[in-house]
Amino acid sequence: MKKFKKLLALSIGTVLLASSLAGCGSKPAEQPAATDTKTEAPADDKAPADTASGDAKKFVLIVKSTGNPYNEKEAEGFKAAIEEAGAGEVILKAPAEPTAEAQIQMIEEAIAQKVTVIALAGNDPDALQPVLTKAMKAGIKVLSLDSSVNAASRMVHVNQADPERIGRVQVQAMAEMIGGKGQIAVLSATSQAANQNLWIEWMKKELEDPKYKDIELVKVAYGDDLRDKSTSETEALLKAYPDLKGIISPTTVGMAAAGKVLTDKGLSGKVKLTGLGLPSEMAEYITNGVCPWMYLWNPIDVGYLGAYSAMALADGTITGKEGDKFTAGRLGEKTVITAGDGTEIMLGDPFKFEPANIEEWKSVY
Ligand code: RAM
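> Let's hear about the overall build of the protein: which residues, and what values?
When helices and strands are counted, the protein shows 11 helices and 16 strands. Of the roughly 15,000 Å² of accessible surface on the protein, 53% is carried by carbon and sulfur atoms.

Laid out in structure tokens, this is it:
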């Protein structure tokens, strides 16, 4: 019951956000995260606080890659929060490929620009450590969101939901969909993505329960959050495992690709699909039965909370240590807590999307 109330609160929050966006006449941005977008905060008499050099504060967001609507929604929330607070300039960056190398280059540019905060969804937990440490030594505040970098590379992480719950709930769903029996596969993002890897670890822990003894996880495939690769990896799974009963995809890109492949091949009912999908991309496959139900959180809120965390680091309200508190705009008071690795700020719970509610959500994100 408590959980239900939390979920309800989450959904009400999202609906309120949706209507406030609608009220402002804003439309989901087509490509807000593409490469390098800058926006100045609206000028008012409460000017953005100055940095030591006398310039306005600069808030950089580096997402995993371009061409992923999830990342675009995250960027939309980040930008909206900095702008509503009038805190400074927003710089949105997205590499063409979801690699650490591409992000390193963008972080070097941000250091040269003397930005105030770098917020990023890491494409690798460890490979960014030298450059992020360099940024922090130069006085730049660093936080990760969505996909964490290791504790030494950040001041705090903004986590969308409890990784254990995200991992376990997807296995529980799949087991129910296939009647507790048969071969299943995971279609993930990149092999270095900290968020997906942690969720998959929890999926494997859940599968250790003897109640899943008749379920076999045959493969974890990587679509690299690229639509084409996710499509070919889905096709390869179907070919290699003709008895496959289900695919769990803990990435919105993988979900959309697998939904299309299973639909095109007429495999609805034969191979079940669940995971973490964007309602806007998955409505069709939830309605046609390919994906009976799935989970996600609000990616706009991930970006929004990331931005409020960035502002709190920038003005010294928090340093990223356990127990630090701040107010994250419409999300209310947030507290820094201990994570498996370092500290984090938690958004909420994963939300279940199914035929009964998908129509209502598909235009939100
Ligand atoms: C993809 C990305 C993102 C993840 C979602 C669920 O869009 O990999 O990092 O959080 O899926």
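> Give a detailed account of empty space enclosed by the protein, specifying residues and quantitative values.
It is a probe the size of a water molecule, rolled over the atoms, that shows where empty space is left. What the rule picks out here adds up to 2 cavities of 30 Å³ or more. Looking at the largest cavity, it is lined by 16 residues, and the ones nearest its centre are Tyr-70, Asn-195, Gln-196, Thr-251 and Thr-252. Sorting the residues of the lining of the largest cavity by element identifies helix 2 (69-85) and helix 6 (194-207) as the ones contributing at least two each. Each of two domains, domain 1 (2-160 + 298-348) and domain 2 (163-296), supplies a minimum of three residues to the lining of the largest cavity. Put simply, the second largest cavity is a space of about 30 Å³. Around the second largest cavity, the lining residues are Lys-64, Pro-98, Gly-122, Asn-123, Ala-189, Thr-190, Ala-193 and Asp-225. Residues of the lining of the second largest cavity, tallied by class, amount to 3 nonpolar, 3 polar and 2 charged. The residues that make up the lining of the second largest cavity include at least three from each of domain 1 (2-160 + 298-348) and domain 2 (163-296).

> Residue-level account of the site of the ligand, with values.
Around the ligand lies a shell of 15 residues, among which Lys-64, Asp-146, Gln-196, Asp-225 and Thr-252 are the nearest. A distance of 2.5 Å separates an oxygen atom of the ligand from a polar side-chain atom of Thr-252. Shared between two domains, the shell around the ligand takes at least three residues from each, and those domains are domain 1 (2-160 + 298-348) and domain 2 (163-296).

> Provide a residue-level description of helix 6, including the pertinent values.
With 14 residues, helix 6 ought to run about 20 Å at 1.5 Å a step, and its terminal C-alpha atoms sit 20 Å apart, in line with that. For helix 6, the complete set of buried residues consists of Ala-194, Asn-195, Gln-196, Trp-199, Ile-200, Trp-202, Met-203, Glu-206 and Leu-207. Buried-residue contacts for helix 6 involve strand 6 (156-161), helix 5 (163-177), strand 7 (182-188), strand 8 (215-222) and strand 9 (244-249).

> Residue-level account of the layout of surface pockets, with values.
Taken as a whole, the largest pocket spans an internal volume of roughly 480 Å³. Ser-148, Pro-163, Leu-198, Gly-340 and Asp-341 are the residues nearest the centre of the largest pocket, which is lined by 26 residues in total. The set of elements that each furnish at least two residues to the lining of the largest pocket consists of strand 6, helix 5, helix 6 and strand 15 (343-348). With 7 residues, the top contributor of residues to the lining of the largest pocket is helix 6. Grouping the constituent residues of the lining of the largest pocket by class yields 9 nonpolar, 10 polar and 7 charged. Here the lining of the largest pocket spans two domains, since at least three of its residues come from each of domain 1 (2-160 + 298-348) and domain 2 (163-296).

> Give a detailed account of the sheet that holds strand 10 (residues 272-275), specifying residues and quantitative values.
As summarised here, the arrangement of the 4 strands in space is 8-7-9-10, forming an open sheet in which the pairing is parallel. Edge positions in the open sheet fall to strand 8 and strand 10, since each of these has one partner strand only. Strand-to-strand, the axes of this sheet are offset by a mean angle of 25°, without reference to chain direction. Direction of pairing for strand 9 relative to strand 10: parallel, over a ladder of 4 bridges. Within strand 10, the residue paired with Ile-247 across the bridge is Leu-273. Across the sheet, helix 5 is in contact with strand 7, strand 8, strand 9 and strand 10; its angle to strand 10 comes to roughly 165°. Contacts from helix 7 (residues 227-240) reach strand 7, strand 8 and strand 9 within the one sheet, and its direction differs from that of strand 8 by about 150°.

> Quick rundown of the packing of helix 7 against helix 8 (residues 252-264)? Include the residues and the values.
Relative orientation of the contacting elements helix 7 and helix 8 amounts to 50°, with a least axis distance of 8 Å. Considered as vectors, helix 7 and helix 8 are oriented oblique to each other. As for how helix 7 packs across helix 8, the hand of that crossing is right-handed. Of the residues in helix 8, those touching helix 7 at Arg-227, Ser-230, Thr-231, Thr-234, Glu-235 and Leu-238 are Val-253, Gly-254, Ala-256, Ala-257, Ala-258, Val-261 and Leu-262. Tallied by class, the residues present in the contact of helix 7 with helix 8 amount to 7 nonpolar, 4 polar and 2 charged.

> Please set out the packing of aromatic side chains residue by residue, giving values where relevant.
Within this structure, the stated rule accounts for 7 aromatic pairs. Seen from their ring centres, Phe-353 and Trp-361 are 5.8 Å apart, and the 80° between their planes marks the pair as edge-to-face. Of the two residues examined, Phe-353 and Trp-361, each falls in the buried class. Each member of the aromatic cluster is reached from another via a ring pair, and the members are Phe-351, Phe-353, Trp-361 and Tyr-365. The aromatic ring of Trp-293 is capped on one face by Lys-352, whose charged end is 4.6 Å from the ring centroid.

Rules used throughout
Residues numbered from 1 in each chain as written. Predicted model: local features only at pLDDT ≥ 70, side-chain atom pairs only at ≥ 80, totals over all residues. Heavy atoms only, no water. Helix = DSSP H or I, 4+ residues; strand = E, 2+ residues; numbered from the N terminus. Areas by Shrake-Rupley, 256 points an atom, 1.4 Å probe, with all protein chains shown as cover. 1 Å grid on protein atoms, 1.4 Å probe; cavity = no way out; pocket = protein on both sides within 12 Å on 5 of 7 lines; lining within 4 Å. Points joined across faces, edges and corners; volume = space filled by probe spheres on them. Domains from an automatic or database assignment. Nonpolar A, V, L, I, M, F, W, Y, C, P; charged D, E, K, R; others polar. Near = heavy atom within 4 Å. Polar contact = N/O pair within 3.5 Å; in protein donor to acceptor, adjacent residues only side chain to side chain. Expected span 1.5 Å × (residues − 1). Buried < 20%, exposed > 50% of the residue type's maximum accessible area, 1.4 Å probe, protein only. Contact = heavy atoms within 4.5 Å. Pairing = 2+ DSSP bridges. Axes fitted to C-alpha atoms, helices over the stretch in contact; angles between N-to-C directions. Parallel < 35°, antiparallel > 145°, perpendicular 65-115°, else oblique. Left-handed = near helix turned anticlockwise from the far one by under 90°. Phe/Tyr/Trp six-rings, centres within 6.5 Å; stacked < 30°, edge-to-face > 60°. Lys NZ or Arg CZ within 6 Å of the ring centre and 35° of its normal.

Geometric descriptors of this kind do not, in isolation, establish any biological role.
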